[in-house]
Amino acid sequence: MDIREFKDQVFAAGREAGLEEMEVYVSRSKDFSVRIFQEEVDDYTVSLEQGVGFRARYGGKVGYAYVEAVDEDSIKLLVEGAKANAQIIDSDDEIVFFAGSAEYPEVVAFNGELGKVSPEERIEFAKTLETEAFATDSRVALVNWATTGYGETDVYIANTKGLEQSFSRNAAYSFVSAMVKEGETVKTGGRFLFKNDWSQFDAKKQAQEAVQEGVSLLDASTVKSGEYRVLLRYDVVQDLLSTFSSVFSAEAVQKGLSLLGGKLGEQIASPKVTLIDDPLLPNGGASAPFDAEGVATKTKEVIAQGTLTTFLHNLKTAKKDGVESTGNAFRASFKSPVGISPSNFYIKPGEKSYDELVQELGSGLIIIDVQGTHSGANPVSGDFSLGAYGYLVENGKITRAVDQITIAGNFFKLLESVEEIGSDLEFGIPGYGGNVGSPSLIIEKLAIAGN
């Protein structure tokens, strides 16, 4: 059944059942992944998830239901499910059904050519990742990950107030991780790439970068405990920003789960820091013309030169605060309730290259990886204590690798301590916390626990 025909029949059945405002949210996700291990296909996955989420107002409350099939049987399930759910809801939050924005932006997020790349070509690429990793250095003992994948998402939303919009987005990714060994010392280096242009994938370059990083860590040892000037590489900043992104959610603020409550218009970061949420970013991993409630998206500076300018809102939180939605309503899938998430969420890059930042660091530490963000970070207080490794820098030059250290600090103080921002903006893996990106940052000081 055509989705628009299905929508009309659901709304008609809903009216007969006494439902008032109604909305359907349809999503379809197609995913492909392949992993190569020792020249053989170790894992091959093709999946398709699709379904319809339904919200409807009944007796002053909004009920939810979802189905995975678009057919006549599903119509009754949605209507009866939402009606029954509405009768047991005890929340007093007012749910807003949106009639639609006056206009919607044009967003480039789907590359038709990318979808035409054959599974055979993607498999061959993953095999090349493994082959090139072994060819880069004789100390490569194992390539534990050589994988590539592809995903595309289609979203359709419509309601009884006249809203009806749709969009599509796709992207590919690849990841290689190589274990290098010298004597009894074993280290691992990896590289991840996420793009929606297949021509930007270079298996040889990616594999070489992963191996070279692993090799560079073979002489690692710890450092004395103390406070160090630190260069956080872009991917470490991504991890931290993703971990603490919820503090910018209006919902977290309203529930008292963010220390940023009451600080709009105040300086909360170094004047060098501008934090952007850009759902219109061309080919971004979270780019979309509208959010999960059908509100037109827009680019905004959450932090502008250190000043907190806005929280991220959906319709519910915006109504509570008497402001407009920022277009950040989010649903993980058609099964999920509406929440809040950033889109393409990143720190605005500066002008200095990574190598220039290393020189400017002078003497200090470069952190290239952290572990334990799920257990060693508190999104409410902002405190973190994380295992880490990287390099020691003396007189503007990397002298050796560093491991067996722990970095400890506070996210809010970290933002205040940014001294320099690089030009090397990179994005990580899109997820529930948005598509988070960052350039590398020099931090004035950070507590390091070593020996």
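Now for a description of the structure that goes with this document. (Residues numbered from 1 in each chain as written. Predicted model: local features only at pLDDT ≥ 70, side-chain atom pairs only at ≥ 80, totals over all residues. Heavy atoms only, no water.)

Taken as a whole and judged by the stated rule, the model has 13 aromatic pairs. Ring centres of Tyr66 and Phe334 lie 5.8 Å apart, and the angle between their planes is 70 degrees; this geometry places the pair in the edge-to-face category. Taken together, the residues Tyr66 in strand β3 (residues 61–67) and Phe334 in the loop between β11 (329–330) and β12 (339–340) connect sequence positions 268 residues apart. You can call Tyr66 partly exposed: its relative accessible area is 44%. Note on Phe334: relative accessible area 2%, which makes it buried. Considering the side-chain rings of Phe167 and Phe290, the 5.3 Å spacing of their centres and the 85 degrees angle between planes classify their relative orientation as edge-to-face. You can see Phe167 sitting in strand β5 (residues 164–182) and its partner Phe290 sitting in the loop between β8 (275–277) and β9 (300–304), a full 123 residues away along the chain. By relative accessible area, Phe290 is classed as buried at 3%. By the ring-pair criterion, three or more aromatic residues cluster together here, those being Phe244, Phe384, Phe411 and Phe412. In this structure, Arg35 is placed above the aromatic ring of Trp145, and the distance from its NZ or CZ to the ring centre is 4.1 Å. In this structure, Arg55 is placed above the aromatic ring of Phe97, and the distance from its NZ or CZ to the ring centre is 5.4 Å. (Phe/Tyr/Trp six-rings, centres within 6.5 Å; stacked < 30°, edge-to-face > 60°. Helix = DSSP H or I, 4+ residues; strand = E, 2+ residues; numbered from the N terminus. Buried < 20%, exposed > 50% of the residue type's maximum accessible area, 1.4 Å probe, protein only. Lys NZ or Arg CZ within 6 Å of the ring centre and 35° of its normal.)

Let's shift gears to the environment of Ser381. Counting through the fold element by element, Ser381 comes out in the loop between β14 (364–371) and β15 (383–394). Sequence-wise, Ser381 and Phe334 are 47 residues apart; in three dimensions their C-alpha atoms are separated by 32 Å. From its side chain, Ser381 meets the backbone nitrogen of Asp383 in a polar contact 3.2 Å long. (Polar contact = N/O pair within 3.5 Å; in protein donor to acceptor, adjacent residues only side chain to side chain.)

The element strand β4 (residues 140–159) is largely enclosed, with a buried count of 14 among its 20 residues. Summarising the sheet, strand β1 (residues 22–37) and β4 pair through 13 bridges and their orientation is antiparallel. The partner of Val34 across the bridge, within β4, is Thr148. As judged from the 17 bridges shared by β4 and β5, these two strands associate in the antiparallel manner. Within β5, the position partnered with Trp145 by the bridge is Ser177. (Pairing = 2+ DSSP bridges.)

Further remarks concern the pairing of β5. The turn linking β4 back onto β5 is made up of four residues, and Gly162 within it adopts a positive phi angle of 105 degrees. As judged from the 11 bridges shared by β5 and strand β6 (residues 185–195), these two strands associate in the antiparallel manner. Residue pairing in the sheet places Ala172 in a bridge with Lys195 of β6. Taken together, β5 and the strand that follows it, β6, pair antiparallel across an intervening segment of two residues, in which Gly183 is found at a positive phi of about 65 degrees.

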